[in-house]
Amino acid sequence: MWGLWVGMGSPPNRSLGFLDMPSNLRIDPERLWANLMETAAFGATAKGGINRQTLTAEDAAVRGWFKRTCEAIGCKVLVDEVGNIFALRPGRQRGLAPIALGSHLDTQPTGGKFDGNLGVLAALEAMRTLTTAGYETNAPLLVVNWTNEEGARFAPAMLGSGVFAGVYARSMADGVADVAGVRFGEALESIGWRGEVKAGAIELSAYLELHIEQGPILEAERKTIGIVTGVQGVRWFELAIAGRASHAGTTPMPRRADAFAACARIAVELRGIAAAHAPMAVATIGRVEVEPNSPNVVPGAVRMTVDIRHHEDASLGAMEDALHATIERIGREEKVEIATRKLHDIAAVTFHQDCVAAVRAAAEALGHTHRDIISGAGHDAVHLSRVTPTAMIFVPCKDGLSHNENESATLLDCAAGAQVLLEAALALDAKLAPLPA
Ligand SMILES: [Zn+2]
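Residues numbered from 1 in each chain as written. Predicted model: local features only at pLDDT ≥ 70, side-chain atom pairs only at ≥ 80, totals over all residues. Heavy atoms only, no water.

Visitor: Even after reading the chapter, I still don't get the coordination of the zinc ion, so can you show me in this structure?
Guide: For a metal with four donors in a tetrahedral arrangement, the ideal angle between donors is 109.5 degrees, while six donors in an octahedron ideally sit at 90 or 180 degrees. Distances from the zinc ion to its protein donors, His104 (NE2), Asp115 (OD) and His211 (NE2), fall within 2.0 to 2.2 Å. Site description for the zinc ion: donor spacing in sequence, H-x10-D-x95-H. With His104 in the loop between β3 (99-103) and α4 (117-133) and His211 in strand β5 (residues 206-212), this residue pair connects regions lying 107 residues apart in the sequence. (Donors = N, O, S within 2.8 Å, 3.2 Å for Na, K, Ca; no water. Helix = DSSP H or I, 4+ residues; strand = E, 2+ residues; numbered from the N terminus.)

Visitor: Help me understand the layout of surface pockets in this model?
Guide: By volume, the largest pocket amounts to about 1,200 Å³. Lining the largest pocket are 46 residues; nearest its centre among them are Val234, Arg309, Gly376, Ala377 and Gly378. Per element, the largest residue contribution to the lining of the largest pocket is four residues, and it comes from strand β15 (residues 370-375). (1 Å grid on protein atoms, 1.4 Å probe; cavity = no way out; pocket = protein on both sides within 12 Å on 5 of 7 lines; lining within 4 Å. Points joined across faces, edges and corners; volume = space filled by probe spheres on them.)

Visitor: Sorry, what's going on with the nonpolar core here?
Guide: Nonpolar side chains tend to gather and get buried jointly when the protein is soluble and globular. With 99 residues, the main nonpolar core has Leu32, Leu118, Phe184, Leu208 and Phe351 as its most contacted residues. If we ignore the near neighbours within four places in the chain, the residues touching Leu118 are Leu32, Leu36, Leu210, Ile212, Val395 and Cys414. The next biggest cluster of nonpolar side chains, apart from the first, holds 22 residues, and it includes Ala281, Val302, Leu323 and Ile327. (Core = buried A, V, L, I, M, F, W, Y, C linked by side-chain atoms within 4.5 Å. Buried < 20%, exposed > 50% of the residue type's maximum accessible area, 1.4 Å probe, protein only. Contact = heavy atoms within 4.5 Å.)

Visitor: Help me out: how do you make sense of the confidence of the model for the protein in this one?
Guide: Note: predicted coordinates in regions of low pLDDT should not be interpreted at a detailed level. Summary statistics for the protein give a mean pLDDT of 94 and a share of 95% for residues scoring 70 or more. Across residues 1-16 the pLDDT falls below 50, and counting only partners more than four positions away or on other chains, this stretch makes 34 contacts in the model. (pLDDT = per-residue confidence, 0-100.)

Visitor: Sorry, what's going on with the packing of aromatic side chains here?
Guide: Aromatic rings considered in pairs are described by the distance between their centres and by the relative angle of their planes. All chains considered together, the criterion is met by six aromatic pairs. Each ring, one from Phe86 and one from Trp146, has its centre 5.8 Å from the other, and the planes form 90 degrees; the classification is edge-to-face. Of the two residues, Phe86 is situated in strand β2 (residues 85-89) and Trp146 in the loop between β4 (141-145) and α5 (159-164); the sequence distance between them amounts to 60 residues. With respect to burial, Phe86 and Trp146 carry one shared label: buried. Of the aromatic side chains, those joined through ring pairs into one cluster are Phe86, Trp146, Phe164 and Tyr207. (Phe/Tyr/Trp six-rings, centres within 6.5 Å; stacked < 30°, edge-to-face > 60°.)

Structure (structure tokens):
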């Protein structure tokens, strides 16, 4: 799927930068905001958030709104076999694969109005701006709503984009069940959104996704635009520590095999492992189960998880090596057996330099404060980056809060992100076209 992009190359007089930025096209901030508020009614919660889990009646309602709205501005709407929705606006050059802009309209059970929704509705606003102005792009444009990004109802998260990118088979997606035992495939058909298009059959020239940061950095540094250069890699481990349960009063300290003491020492040392790769490394022990969990028994067993993250796989590897060495040493010193199992290994992602450059040029041309940023959360763009040149744009959200009904972003920041999205898409589109004679 890289062939088209590579084959087109960069026209020589545009290769050094994006000279005509910004365009004279301007998205309508009020219209974007009105769409955010209008769609927030589908699954609205009493506390001002959204509960619109994937493939529910609420999801079907917002999908219907999205399809009708896209068709009203002249788009052709395609749906693939896992329910991903693509609104297509043709380009003027034949033979160019579309540039896709999008995100997701599903939410967490206690989701907010902006996570995912902003990316889809800003893409829609960008497309509507082009249509209103009668502007023809070289390549077709696609606005995309990916199915089940959140993973709240069906695990794993980012399922629709994962099937699109060939990470998961359609049969695997169809088979996953929610807590009530309903399978993804059944749920998709019951709301009427199983489409005809084979997942992954649509070739793309590039993919751009606007999203709220879901973290505190942009707000703290008073930056409007985050130029997302990549996404953290993640490794999860489960540790089973086997010590010896014994009487808390009669067992002398040197004769103990205390599973929790080993766990606690690993927790302390883990902070040192993260500090050795500061400032980008994070490390977390999120779950600890102690047995027998009795006040007067030396703990005989502990099950615990370790989550380590870094945006460079080499550093992540070094952190893992240090973790194993620490476990081995502490196990010996505490006289306990520690079995380690790796649960997840998700590689770090570096976004495509041309797409990142287009986002940076757009932010600069529009005069926005900006900084490079690594995403700490997974996004559909992670999967898309496997099959097409990809980048993301972040805007701040209040207190860094997300997956929360109080999630909040300002009209001006949402509009700035949407305008950067439009300009970056136009810059990539200009690079796809042959130079005029
Ligand atoms: Zn999201």
